[in-house]
Amino acid sequence: MRKIIVLSMITLDGVMQAPGGPKEDTSGGFKYGGWVAPYSDEVYGKVVQKELKPANYLLGRKTFEIWADYWPEHGDSWPGINEGTKYVFSKSMKKSDPKVTGWKNSVVIKNLADIKKLKNSKGSDIQVWGSGELVQLLLKNDLVDELRLKIHPLTLGKGKKLFDNGTIPAAFTLIESIVTPSGVIIANYKRAGKVKTGTVGA
């Protein structure tokens, strides 16, 4: 069985929309694209470089389309991104779509059953970047093995959120954490069974 690992840059109020640049995702009138940029520093950069090792990827359609327009020509800054298998989750996209055929090692999967089949197959772990709606689907169906979050010290009030439409109750264990000089909390969690309750101080 393969792990599904969600990597996300979020604000204190959980917004994950368009961290990379002003034009990345302006849907819903979002005006704060590129909010990650002021928090870049050497520690942050080293963590990101570690995460950019070759992998397989599961992406929502919108994230896939953004990536397919960029990474084929900029692979030098992300070794392995073009060689890794990209699974795009989309009910509307076809195998013959130019973005799929134009970006090597891209595969269309259509439904939740396909994701479960992929997870239960043999191979390397699968990374999920961006893809807010897809992440929410994975969380609702208990398919996320690890959360790797970069929590930035700002609030935006509006924008697409990582935990937006509810998830199943689930416990996670912190397995690694660091605070960067610019105040970003980088925290990695792994799935840890059911939620436990009790009385404080009892």
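Just so it is clear, the structure is predicted and the values come from calculations on it, not from any experiment.

Criteria and thresholds
Residues numbered from 1 in each chain as written. Predicted model: local features only at pLDDT ≥ 70, side-chain atom pairs only at ≥ 80, totals over all residues. Heavy atoms only, no water. Helix = DSSP H or I, 4+ residues; strand = E, 2+ residues; numbered from the N terminus. Rg over C-alpha atoms; globule rule 2.2 N^0.38 Å. Buried < 20%, exposed > 50% of the residue type's maximum accessible area, 1.4 Å probe, protein only. Contact = heavy atoms within 4.5 Å. Areas by Shrake-Rupley, 256 points an atom, 1.4 Å probe, with all protein chains shown as cover. Pairing = 2+ DSSP bridges. Axes fitted to C-alpha atoms, helices over the stretch in contact; angles between N-to-C directions. Arc of directions from axis to C-beta. UniProt positions renumbered as here; feature names shortened; annotations may be inferred. Core = buried A, V, L, I, M, F, W, Y, C linked by side-chain atoms within 4.5 Å.

A. Spotlight on the overall build of the protein. Looking only at helices and strands, the protein features five helices and eight strands. Order of helices (α) and strands (β) in the protein, N terminus to C terminus: β-α-β-α-β-α-β-α-β-α-β-β-β. Its C-alpha atoms give the protein a radius of gyration of 17 Å, within 12% of the compact-globule value 17 Å for 202 residues. Its C-alpha atoms give the protein principal-axis dimensions of about 60 × 40 × 30 Å. Looking at the 202 residues of the protein, the share that counts as buried comes to 43%. Long-range contacts, defined as pairs at least 24 residues apart, comprise 67% of the intrachain contacts of the protein with a sequence gap of at least 6. Carbon and sulfur atoms make up 54% of the accessible area of the protein, which amounts to about 11200 Å² in all.

B. Looking closely at the sheet that holds strand β6 (residues 146–152). The sheet built from eight strands is open, its strands ordered β4-β3-β2-β5-β1-β6-β8-β7 with mixed pairing. Looking at strand neighbours, the two that pair on one side only are β4 (106–109) and β7 (172–179), the edges of this open sheet. If you compare each strand with its neighbour and ignore which way they point, the axes differ by 20° on average. Along the sheet, helix α1 (residues 42–51) contacts β1 (4–11), β5 (126–129), β6, β7 and β8 (185–191); its crossing angle with β6, the most-contacted strand, is approximately 155°. Each of β1, β2 (56–60), β3 (86–89), β4 and β5 touches helix α4 (residues 112–119); the most contacted strand, β3, lies at about 155° to it.

C. Up close: the pairing of β7. As judged from the seven bridges shared by β7 and β8, these two strands associate in the antiparallel manner. Bridge pairing links Phe172 to Arg191 in β8. The hairpin turn running from β7 into β8, its antiparallel successor, is five residues long, and Gly183 in that turn takes a positive phi close to 95°.

D. Representation of α1 in the model. Looking only at α1, the buried set comprises Tyr44, Val47, Val48 and Glu51. Angular distribution of buried residues about the axis of α1 spans 95°; they occupy a single face of the element. Opposite the buried face of α1, by more than 90 degrees, sit the exposed residues Glu42, Lys46 and Lys50. If you follow the buried residues of α1, they end up packed against β1, β5, β6 and β8.

E. Examining the UniProt feature "domain: Bacterial bifunctional deaminase-reductase C-terminal" (unreviewed entry) in the protein more closely. In this structure's numbering, the residues bearing the UniProt feature "domain: Bacterial bifunctional deaminase-reductase C-terminal" (unreviewed entry) are residues 2–185. Structurally, residues 2–185 comprises 23% helix and 22% strand, and the distance from its first C-alpha atom to its last is 27 Å.

F. Layout of the nonpolar core. Core analysis: the biggest nonpolar cluster contains 31 residues, and Tyr57, Phe64, Trp67, Trp78, Ile81, Trp103 and Trp129 have the highest contact counts within it. Elements with a minimum of two residues in this core: β1, α1, β2 and α2 (61–70). Sequence-distant contacts of Trp67, defined by excluding residues within four places in its chain, comprise Tyr57, Leu59, Pro72, Trp78, Ile81, Trp103 and Trp129.

G. Examining the environment of Gly193 more closely. As for its position among the elements, Gly193 is in the segment after β8. Gly193 sits 140 residues away from Lys53 along the chain, and the two C-alpha atoms are 28 Å apart. Residues within four places of Gly193 in sequence aside, it is in contact with Ala170 and Ala171.

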